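Per-entry structural report
This is what each chain is made of:
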Amino acid sequence: VQLQASGGGLVQAGASLKLSCVASGRALRGYIIGWFRQAPGKEREFIAALGRNGAGTTFADSVKGRFTISRDTAKNTVYLQMNSLTPEDTAVYYCAASTSIYSARFSSSSYNYWGQGTQVTVSS
């Protein structure tokens, strides 16, 4: 499966952005879909995951209550809605697909396929 993330940009603190992860080649519903981010000088960080067939969502504490994850099966697309953005959310955001077990969703090493990343910059 090939993934393409988009929707990033430069916004002010408090604004919202909606990232998209479009898949081609295979249906996304058969994969665990994760969102990760990496800020300059920091390790890649787990943000959110959506279980196979849309079963279950998980969020990192740093984004819980502000970010939501959803999917459009017809468009083979998963979305990350980001609200109340802060400068600490500035990073390159990646979507990824995993064939692993759901309990492994927090680890980037369990994801088989990655999109190219989209930059999110939040100014204060």
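This text gives an overview of the structure that appears in the document. (Residues numbered from 1 in each chain as written. Predicted model: local features only at pLDDT ≥ 70, side-chain atom pairs only at ≥ 80, totals over all residues. Heavy atoms only, no water.)

Now for the sheet that holds strand β7 (residues 67–72). Taken in spatial order, the four strands make up an open sheet running β1-β3-β8-β7, and their pairing is antiparallel. Across the chains shown, the open sheet's two edge strands, defined by having one partner strand only, are β1 (2–6) and β7. Going across the sheet, the axis of each strand differs from the next one's by a mean of 15 degrees, ignoring polarity. (Pairing = 2+ DSSP bridges. Helix = DSSP H or I, 4+ residues; strand = E, 2+ residues; numbered from the N terminus. Axes fitted to C-alpha atoms, helices over the stretch in contact; angles between N-to-C directions.)

The geometry of an aromatic ring pair is captured by two quantities: the separation of the ring centres and the angle between the planes. For the coordinates displayed, the defined rule picks out seven aromatic pairs. Here the aromatic rings of Phe 36 and Tyr 111 are separated by 5.1 Å at their centres, their planes lie at 80 degrees, and the arrangement is edge-to-face. In this pair, Phe 36 is assigned in strand β4 (residues 32–38) and Tyr 111 in the loop between β9 (91–98) and β10 (113–114), connecting sequence segments 75 residues apart. By the burial criterion, Phe 36 is buried, and Tyr 111 matches it. Plain terms: the ring middles of Tyr 94 and Trp 114 are 6.3 Å apart, the flat faces sit at 80 degrees to each other, and that makes the pair edge-to-face. On the criterion of sequence distance, the pair formed by Tyr 94 in strand β9 and Trp 114 in strand β10 is long-range, its members being 20 residues apart. A relative accessible area of 14% places Tyr 94 in the buried class. Taking relative accessible area as the criterion, Trp 114 reaches 27% and is therefore assigned partly exposed. Grouping aromatic residues by their ring pairs yields a cluster made of Phe 36, Phe 46, Tyr 94, Phe 106, Tyr 111 and Trp 114. Taking NZ or CZ as reference, Arg 44 lies 3.9 Å from the ring centre of Tyr 94, over its face. (Phe/Tyr/Trp six-rings, centres within 6.5 Å; stacked < 30°, edge-to-face > 60°. Buried < 20%, exposed > 50% of the residue type's maximum accessible area, 1.4 Å probe, protein only. Lys NZ or Arg CZ within 6 Å of the ring centre and 35° of its normal.)

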